[in-house]
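Chain and residue survey
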There are 2 protein chains.
Amino acid sequence: MATIVSEGKAIVDKNVGDLWTFRKTITDSDVSLFAGITGDMNPLHIDGVYASNTEFKGRLAHGVIGVGILVGIMARELPGGVLLGQSVKFLRPVFIGDTLTAFVEVSGKDEEKDLIFFRIWCENQDGVKVMAGEAQGLVRKRK
Amino acid sequence: MATIVSEGKAIVDKNVGDLWTFRKTITDSDVSLFAGITGDMNPLHIDGVYASNTEFKGRLAHGVIGVGILVGIMARELPGGVLLGQSVKFLRPVFIGDTLTAFVEVSGKDEEKDLIFFRIWCENQDGVKVMAGEAQGLVRKRK
């Protein structure tokens, strides 16, 4: 059986400047499960008493959840693509219950080498940029 | 109630060259839950038929899970610390069932500004480096 890659999902169909988005509320369940998956038990994420006594006044989501959401957008637009690298700065806290809009913009591509480059960032429900960076992917050839 | 930060958990107790590790098997459950948390439904992660027809011959874990594990080590050594940024290159695939050892090494610190810098990487059960990069954290002052 041949590998199926939908038409319109290959690198040749993507252009510099293409902007893709996805919006998701970061729930308490997301944070609890992510803590279990990764072992990241930072009290800022899992200890409400601790977190409420910090300047944040409440529990934060793991910032890396946002990175996962950003990578998920690339996967949706280029299924079968492989993430080669990413770099993200965490600019502002993400609170449990925040609704993030994740943005992926194509910043470059090298069709010869099947490489594609992205600017990536997330904004919260108030339009505040909470994280920003870049990523590089290897896109599988259309079969 | 005062915020509790355990003795020995402040930036002044950490030194350049300190190396911390954590080992974890990446399970099918981890990958399924991570897909749901992030929306990353790349067929390489969730479609066994698709994945088995690629050069990988099977489903891969999301590389960002490894990033979360690395950040979790920092949280364990410096609870209450805030991740300011990270940059990771994904060098080799991580398969479901692989056992990753995550390494965090203190590469620098600025006690004046409460900043700490890390080299980070993960190896699989064969000692192959599957991802590598760096991270920066802001460590809360001991209270």
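**Details of the overall build of chain A**
- Within chain A, the regular secondary structure consists of four helices and five strands.
- Along chain A, from the amino end to the carboxyl end, the secondary structure elements read β-α-α-α-α-β-β-β-β.
- Viewed in the frame of its principal axes, chain A has a C-alpha envelope of about 55 × 35 × 20 Å.
- Per-residue burial over chain A gives 51% buried out of 143 residues.
- Within chain A, contacts between residues separated by at least 24 positions form 67% of all contacts whose residues are at least 6 apart in sequence.
- When the accessible surface of chain A is totalled, it reaches about 6300 Å², and 53% of it is carbon and sulfur.
- Here chain A carries 17 positive and 18 negative side-chain charges, and the mean point of each set is 2 Å from the other.

**Re the interface of chain A and chain B**
- At the junction of the two partners, chain A supplies 47 residues and chain B supplies 47 residues.
- Interface of chain A and chain B: buried area, both sides summed, is about 3600 Å²; carbon and sulfur atoms make up 57% of it.
- Across the chain A-chain B interface, the total number found is zero salt bridges.
- The tally of links between chain A and chain B comes to 13 residue pairs in polar contact (both at pLDDT 80 or more).
- Looking at the side of chain A that touches chain B, the elements with two or more residues in it are strand E1 (19–25), helix H1 (28–38), helix H2 (43–46), helix H3 (48–52), helix H4 (63–77) and strand E2 (82–90) of chain A.
- Its residues assigned to classes, the side of chain A that touches chain B shows 24 nonpolar, 15 polar and eight charged.

**So, the environment of Ile-65 of chain B**
- Along the chain, Ile-65 of chain B turns up in helix H4 (residues 63–77).
- Separated by 45 residues in the primary sequence, Ile-65 of chain B and Asp-110 of chain B have C-alpha atoms spaced 28 Å apart.
- Non-local contacts of Ile-65 of chain B, meaning those with residues more than four positions away in its chain, are made with Ile-37 and Thr-38 of chain A together with Ile-26, Asp-30, Val-31 and Phe-34 of chain B.

**Notes on the packing of H4 of chain A against H4 of chain B**
- The N-to-C vectors of H4 of chain A and H4 of chain B enclose an angle of 170 degrees; their axes lie 10 Å apart at closest approach. The angle between the axes of H4 of chain A and H4 of chain B places the two elements in the roughly antiparallel class. Listed contacts from H4 of chain B to Val-64, Val-67, Gly-68 and Val-71 of chain A of H4 of chain A are Val-64, Val-67, Gly-68 and Val-71 of chain B.

**A word on the sheet that holds strand E5 (residues 129–138) of chain B**
- Read from one edge of the open sheet, 10 strands run E1(A)-E3(A)-E4(A)-E5(A)-E2(A)-E2(B)-E5(B)-E4(B)-E3(B)-E1(B), paired in antiparallel fashion. One side of each edge strand has no neighbouring strand; the edge strands of this open sheet are E1 of chain A together with strand E1 (19–25) of chain B. Shown here is a sheet whose adjacent strand axes are inclined to one another by a mean of 20 degrees, direction ignored.
- The pairing of strand E3 (residues 99–110) of chain A with strand E4 (residues 115–123) of chain A spans nine bridges and is classified as antiparallel. The residue bridging Ala-102 of chain A from the neighbouring strand is Cys-122 of chain A, located in E4 of chain A.
- Strands E1, E2, E3, E4 and strand E5 (129–138) of chain A together with strand E2 (82–90) of chain B of the sheet are contacted by H4 of chain A, whose axis makes an angle of about 50 degrees with E3 of chain A.

**Quick word on unusual backbone geometry**
Residues and elements named next belong to chain A.
- The residue Asp-114 is not glycine, and still its phi comes out positive at about 60 degrees.
- Structurally, Asp-114 is set in the loop between E3 and E4.
- Residue classification places Asp-114 among the buried positions, given a relative accessible area of 12%.

**Details of the relation of the copies chain A and chain B**
- Superposition of chain A onto chain B requires a rotation of 180 degrees combined with a translation of 0.0 Å along the rotation axis, giving an RMSD of 0.0 Å. Here the copies are linked by what is in effect a two-fold axis. If distances are taken from each C-alpha of chain A to the rotation axis, the shortest is found for Ser-87 of chain A, at 2.0 Å.
- Interface overlap between copies: 100% of the residues of chain A at the interface are likewise at the interface in chain B, consistent with a symmetric, same-surface contact.

**Let's talk about the environment of Arg-76 of chain B**
- Relative to the helices and strands, Arg-76 of chain B resides in helix H4.
- Taking the C-alpha atoms as reference, Arg-76 of chain B lies 33 Å from Pro-43 of chain B; in sequence the two are 33 residues apart.

**Notes on the confidence of the model for chain A**
- Residue-level pLDDT values for chain A average 92, and 92% of them are 70 or greater.
- Scoring the predicted complex yields pTM 0.93 and, for the interface, ipTM 0.93.

**As for the packing of H1 of chain A against H4 of chain B**
- It is the contact of H1 of chain A with H4 of chain B, at a shortest axis distance of 8 Å, that shows an interaxial angle of 85 degrees. When the axis of H1 of chain A is compared with that of H4 of chain B, the two are roughly perpendicular. Contacts from Phe-34, Ile-37 and Thr-38 of chain A in H1 of chain A reach Ile-65, Gly-68 and Ile-69 of chain B in H4 of chain B.
- Class assignment for the residues of the contact of H1 of chain A with H4 of chain B results in four nonpolar, two polar and no charged.

Rules used throughout
- Residues numbered from 1 in each chain as written.
- Chains lettered and ligands numbered in written order.
- Predicted model: local features only at pLDDT ≥ 70, side-chain atom pairs only at ≥ 80, totals over all residues.
- Heavy atoms only, no water.
- Helix = DSSP H or I, 4+ residues; strand = E, 2+ residues; numbered from the N terminus.
- Buried < 20%, exposed > 50% of the residue type's maximum accessible area, 1.4 Å probe, protein only.
- Contact = heavy atoms within 4.5 Å.
- Areas by Shrake-Rupley, 256 points an atom, 1.4 Å probe, with all protein chains shown as cover.
- Lys, Arg positive; Asp, Glu negative; His and termini not counted.
- Charge placed at Lys NZ, Arg CZ, Asp CG, Glu CD.
- Buried area = accessible area lost by both parts, 1.4 Å probe.
- Salt bridge = Lys/Arg side-chain N within 4 Å of Asp/Glu carboxyl O.
- Polar contact = N/O pair within 3.5 Å; in protein donor to acceptor, adjacent residues only side chain to side chain.
- Nonpolar A, V, L, I, M, F, W, Y, C, P; charged D, E, K, R; others polar.
- Axes fitted to C-alpha atoms, helices over the stretch in contact; angles between N-to-C directions.
- Parallel < 35°, antiparallel > 145°, perpendicular 65-115°, else oblique.
- Pairing = 2+ DSSP bridges.
- Least-squares fit on C-alpha atoms with pLDDT ≥ 70 in both.
- pLDDT = per-residue confidence, 0-100.

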